Amino acid sequence: MGETTVSRGALSRRSFLKGAGAAAGALGLAGAAGMTTAQDWLAPAKAHAEGEERVAYLCHQFHCLSACCLKCTVRDGRLALIEPNDALREEDQRICLRGINEIQHVYAADRIQTPLRRVGERGEGKFEAITWDEAIKAVADAIKESQAKYGDNSFFFRKSTEASSAHGSGYLAALLHAETGGNWGLDRGQANGLDAGCGVGAFRATNNALAEWPLASTIIFLGFNPLESSIAWTKAFFDAKDAGAKIITVDTRFSPTASKSHQWVSVKPGTDAALVIGMVRAIMDEGWYDEEFMKAHTGYPFLIDRATGEVYGVMRDVTDEKTGKVSRKKAPYVWDVATGTARLFDEEGVDPALEGTWEVDGRTLVTEFSALREAYEPYTLEWAGEVSSVDPAVIRGLADDYANRGPAFLCFGLGGPDKYTNADVLGHALVLVTALTGNTGKKGCGTGWYGGGGAFHATSALQSWKLPEEFKASKSQMPMYDMPYNDNNVHVALTFGDAFTLEAADANSMLEWVKGLDFFAICDIYHSSAVDYADIVLPACSKFECDEEVTDLRDAKGYLSLGQKCIDPLFESKTDLEIERLIAAQWGYDQYLPKSHEEYARHRLSKAKGNIEGFTIEKFQANQGVLRYLDSDEPVRSTLKFATDTGRMEPYYEKQIKFGQAFPTYETPNEAYEDNAKRQQYPLVFMQGKSCFRIHAYYSASAWFQEYFGPQVNISPVDAEARGIATGDAVRITNDRGTFVCTALVNNAIQPGTLFMAETTYNHYYPEGFLQNVTNSHRQERCYEMTYGPQIPYNDTLVEIEKA
Ligand SMILES: Nc1nc2c(c(=O)[nH]1)N[C@H]1C(S)=C(S)[C@@H](COP(=O)(O)OP(=O)(O)OC[C@H]3O[C@@H](n4cnc5c(=O)[nH]c(N)nc54)[C@H](O)[C@@H]3O)O[C@H]1N2
Ligand SMILES: Nc1nc2c(c(=O)[nH]1)N[C@H]1C(S)=C(S)[C@@H](COP(=O)(O)OP(=O)(O)OC[C@H]3O[C@@H](n4cnc5c(=O)[nH]c(N)nc54)[C@H](O)[C@@H]3O)O[C@H]1N2
Ligand code: SF4
Ligand SMILES: [Mo]
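Residues numbered from 1 in each chain as written. Chains lettered and ligands numbered in written order. Predicted model: local features only at pLDDT ≥ 70, side-chain atom pairs only at ≥ 80, totals over all residues. Heavy atoms only, no water.

Participant: Hey, could you run me through the overall build of the protein chain in this one?
Facilitator: For the protein chain, the count of helices and strands is 25 helices and 29 strands. For the protein chain, the C-alpha atoms occupy an extent of roughly 90 × 65 × 60 Å along the three principal directions. Across the 804 residues that make up the protein chain, the buried fraction comes to 59%. A sequence separation of at least 24 residues applies to 73% of the contacts in the protein chain between residues at least 6 apart. Accessible surface computed for the protein chain: about 30000 Å², of which carbon and sulfur atoms make up 50%. (Helix = DSSP H or I, 4+ residues; strand = E, 2+ residues; numbered from the N terminus. Buried < 20%, exposed > 50% of the residue type's maximum accessible area, 1.4 Å probe, protein only. Contact = heavy atoms within 4.5 Å. Areas by Shrake-Rupley, 256 points an atom, 1.4 Å probe, with all protein chains shown as cover.)

Pasting the structure below:
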């Protein structure tokens, strides 16, 4: 054996469990968790398969998007080394510190070890250990009682994203007809605006795959920090740079991605829509638009009736090529230059005018492009510069680079500008600028959410597990983010993962609502922030632990990956599937669920056709758990077919005339705007973002990460000095919604007037309160009528900071 750098610990799993159980009974959760640290479990990092060691393979985090495939060396039943799976192509063998450090994370002191029952007040975090039988019965009894008294939808069930990655989110919800909390409220702010003009799902589909970054001449990252939030894609970033792409990052702070880009554009929080509107104006004024593209693929030549603002057209039946379904859609008219008449946009041989005004049958008709020029008269470059605090010459330069240097990407990342109430206006403005330049549907370009992962290449024939017809979740009464504020019928809740504090802002209101429920149970791996509020806590195992030989199939980088068992479930934890089966069994419904992960995986592969033809469990096992399904290296590309009524990119949103948003009209964010009177009390914009040390709150339990990267707010030297704050000081952040204490880092990368903090970590790591206490939960009314509903505007938050 090689030299041992860290003690391997003296406890066997058995004796350890005995001790853990006793301690849990006596001391509650803190006592149980205190039983061990990673030090007890670590083995020397030189371990490679030899002797009693074995190697297992699985795909790592789902929510991180990088989908790295890991090779795990297991010694004496313990994880000893994590490396990239070397059965993948060299360029796909990636890993980050969070993957490597799972050795510490899996065995962390924050693991929930046994089922627990609350003994103190809700929020106090006092528990006693109970048996699985007691815990499952308590959960089922609470659900049964509530549903008998108040109806099916009085039971709320939700899985956080990571928890639903294994085998979906829906089975228990469907079996028990639960309320699931409707619209997600996350990551679809810009998509609300973009998809209205390009079709549902376009926010990802109008972008080309990551492999095309090096084919671009210009890449603009708009409030997107991929060097942390998509860390394994860093290579594509530098490949693009090496290949000559000009990389520009628009960010409120000098982010890691900005620091590696050719240009950083520092923008005022929540004003990106003004910046993009400025780009639109520059492109129109300078004539940098692509007329041919606009006429052939966009609605710019369509005619609008000036009096009503409605698109001038006829309703007609259109048959869907794929489904054969007939639906009525509006076909707009264009002005045909050759005949000097209004003709349907898709008539043979029409030559549409891009600009002009005509009188037809007593109507004044104008092209959408001409109408845009008129509507945008007030939006000068100077105006855009004023609002966004970006020099008008820089905005003009951005427009020039985007329109004239060749194929260009304009990518956003779902964080940053997405988390303000005006994100839909920004998404809409992105449609305008893309439709002007034609930077979509061809090599090396795209607009929208970065599409590096499964969005462009996906397995074609994985089967889903079907439940009998009668099992369906209840029709949602309202989205979860509305529940603390509006009357609803929820009395009992069960979440897998901490949905209540991660997926909602304004935690004091949310947790007040949770405290008012008759019953709340959480199934989590770690002592996450919501755990303290639960009546029953169920210990889930991590994806490295399984009671069978396989876990689940995952789509990863053009491969399908079958997770293999690495280690036995730690402590008394169980897999989510096993826990769901135990709960379902209380109704006799376990018969409808897969009996094992293997049965589920075999079912999913049961009709393996198309790009996964011939894939079997046995083949996965023989090939380190991965099989490649992409048969070519040619990147999959977005097309010029848009899922709109006309099949074109539509810059003009007739349905939003009533909101004054037929073309994107600039609107300030809800709270973070310049002359908000609230600023007198709360002068700073509090923004959050992703950090390379966490996926949301996940990995908080890693002691090393927590030591060096605990709850810390970044503040500009100007604001720090004005308040006498120095790096390392304890500081209090406050607004009307709540308060919390963390440490300060005085950082030149931060714009004066703003604060930045990595999105969040478990509440018990803060000296007082936690980040989510102050965030804004305002729901943008207009968005209830949009595809994805209102989005939680976490960054649209004003606060004050002082030394604690
Ligand atoms: N490491 C890590 N990676 C992740 C995740 C994670 O938790 N950790 N989560 C995943 C998920 S769910 C998501 S949604 C994505 C998000 O991925 P990103 O969008 O890259 O993430 P954020 O860090 O939230 O925001 C990006 C940047 O927006 C900036 N910003 C804030 N406000 C504004 C603004 O008004 N305008 C502009 N231009 N910039 C602004 C911030 O300074 C930040 O650098 O990341 C995914 N990847
Ligand atoms: N303040 C602030 N809050 C934010 C954001 C922000 O920018 N600012 N960003 C938001 C964004 S973009 C997103 S997408 C959401 C993410 O919110 P979620 O989708 O809820 O986040 P995840 O990281 O997927 O979920 C992690 C939870 O599931 C648990 N978990 C992980 N794996 C499993 C499992 O296999 N089984 C079980 N039972 N539990 C498991 C973890 O311990 C943790 O409690 O957060 C949002 N919250
Ligand atoms: S957390 Fe790190 S190792 Fe895991 S999938 Fe993401 S980038 Fe890969
Ligand atoms: Mo997200």
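Participant: Mind showing me how you'd approach the sheet that holds strand β29 (residues 798-803) here?
Facilitator: Either a parallel or an antiparallel arrangement is found when strands of a sheet pair, and the pairing is made through backbone hydrogen bonds. What the 6 strands build is a closed barrel, ordered β24-β28-β25-β27-β26-β29; its pairing is mixed. Across the sheet, the axes of successive neighbouring strands diverge by a mean angle of 45°, strand direction being ignored. Inspection of the sheet shows strand β26 (residues 730-735) paired to strand β27 (residues 738-746) by 6 bridges, in the antiparallel sense. When the sheet's bridge partners are listed, Ile733 is paired in β27 with Phe740. (Pairing = 2+ DSSP bridges. Axes fitted to C-alpha atoms, helices over the stretch in contact; angles between N-to-C directions.)

Participant: Please clarify how the side chain of Glu162 should be interpreted in this entry.
Facilitator: Among the structural elements, Glu162 can be located in helix α6 (residues 161-164). According to the relative accessible area criterion, Glu162 is buried, its value standing at 16%. One polar contact links the side chain of Glu162 to the main-chain amide nitrogen of Phe62, over a distance of 3.1 Å. Excluding residues that lie within four positions of it along the chain, Glu162 makes contacts with Gln61, Phe62, His63 and Lys543. (Polar contact = N/O pair within 3.5 Å; in protein donor to acceptor, adjacent residues only side chain to side chain.)

Participant: For this particular structure, what's the right way to read the packing of aromatic side chains?
Facilitator: Both the distance between ring centres and the angle between the ring planes are used here to describe each pair of aromatic rings. All told, the structure shown has 34 aromatic pairs when counted by the stated rule. On the numbers, 4.9 Å between centres and 35° between planes, the contact of Tyr312 with Tyr333 is tilted. Of this pair, Tyr312 sits in the loop between β10 (303-305) and β11 (313-319) while Tyr333 sits in strand β12 (residues 326-336); the two residues are 21 residues apart in sequence, bridging distant segments of the chain. Note on accessibility: Tyr312 and Tyr333 belong to one class, buried. Centroid distance Phe471 to Tyr592: 5.0 Å. Interplanar angle 50°. Geometry classified as tilted. Here the residue Phe471 occupies a position in the loop between β17 (446-449) and β18 (492-496), and Tyr592 occupies one in the loop between α21 (576-585) and α22 (597-604), the gap between them amounting to 121 residues. (Phe/Tyr/Trp six-rings, centres within 6.5 Å; stacked < 30°, edge-to-face > 60°.)

Participant: Got a minute to help me understand the site of ligand 3 in this structure?
Facilitator: Taken together, His60, Gln61, Cys64, Ser66, Ala67, Cys68, Ile95, Cys96, Arg98, Gly99 and Ile231 are the residues near ligand 3. Taking a 2 Å distance to the grid points as the criterion, the majority of the atoms of ligand 3 fall inside the largest cavity. Taken together, the residues that form the shell around ligand 3 break down as 6 nonpolar, 4 polar and 1 charged. (Near = heavy atom within 4 Å. 1 Å grid on protein atoms, 1.4 Å probe; cavity = no way out; pocket = protein on both sides within 12 Å on 5 of 7 lines; lining within 4 Å. Sits in = over half its atoms within 2 Å of the grid points. Nonpolar A, V, L, I, M, F, W, Y, C, P; charged D, E, K, R; others polar.)

Participant: Honestly, the pairing of strand β25 (residues 712-715) in this entry has me stumped. Any pointers?
Facilitator: Remark: a regular strand shows side chains that alternate across the two faces of the sheet. Bridge count for β25 against β27 is 4 bridges, and the pairing is parallel. Bridge pairing links Asn714 to Leu745 in β27. Sheet topology places β25 next to strand β28 (residues 754-758); 3 bridges connect them, and they run antiparallel. Of the residues in β28, the one forming a bridge with Ile715 is Leu755.

Participant: What am I meant to see in the UniProt feature "domain: Molybdopterin dinucleotide-binding" (unreviewed entry) in the protein chain here?
Facilitator: The residues that UniProt annotates with the feature "domain: Molybdopterin dinucleotide-binding" (unreviewed entry) are residues 684-763. A distance of 23 Å separates the end C-alpha atoms of residues 684-763, which is 15% helix and 38% strand. (UniProt positions renumbered as here; feature names shortened; annotations may be inferred.)

Participant: I'm lost on the site of ligand 1 in this one. Help?
Facilitator: Taken together, 35 residues lie around ligand 1, and Ser229, Asp251, Asp272, Arg694 and His696 are the ones closest in. One of the backbone N or O atoms of Gly415 is found 2.8 Å from an oxygen atom in ligand 1. Contact between ligand 1 and His696: an oxygen atom at 2.6 Å from a main-chain N or O atom of the residue. With the chains in place, 98% of the 920 Å² that ligand 1 exposes on its own is no longer accessible. Broken down by secondary-structure element, the contributors of at least two residues to the shell around ligand 1 are α10 (226-229), β8 (246-251) and β24 (684-689).

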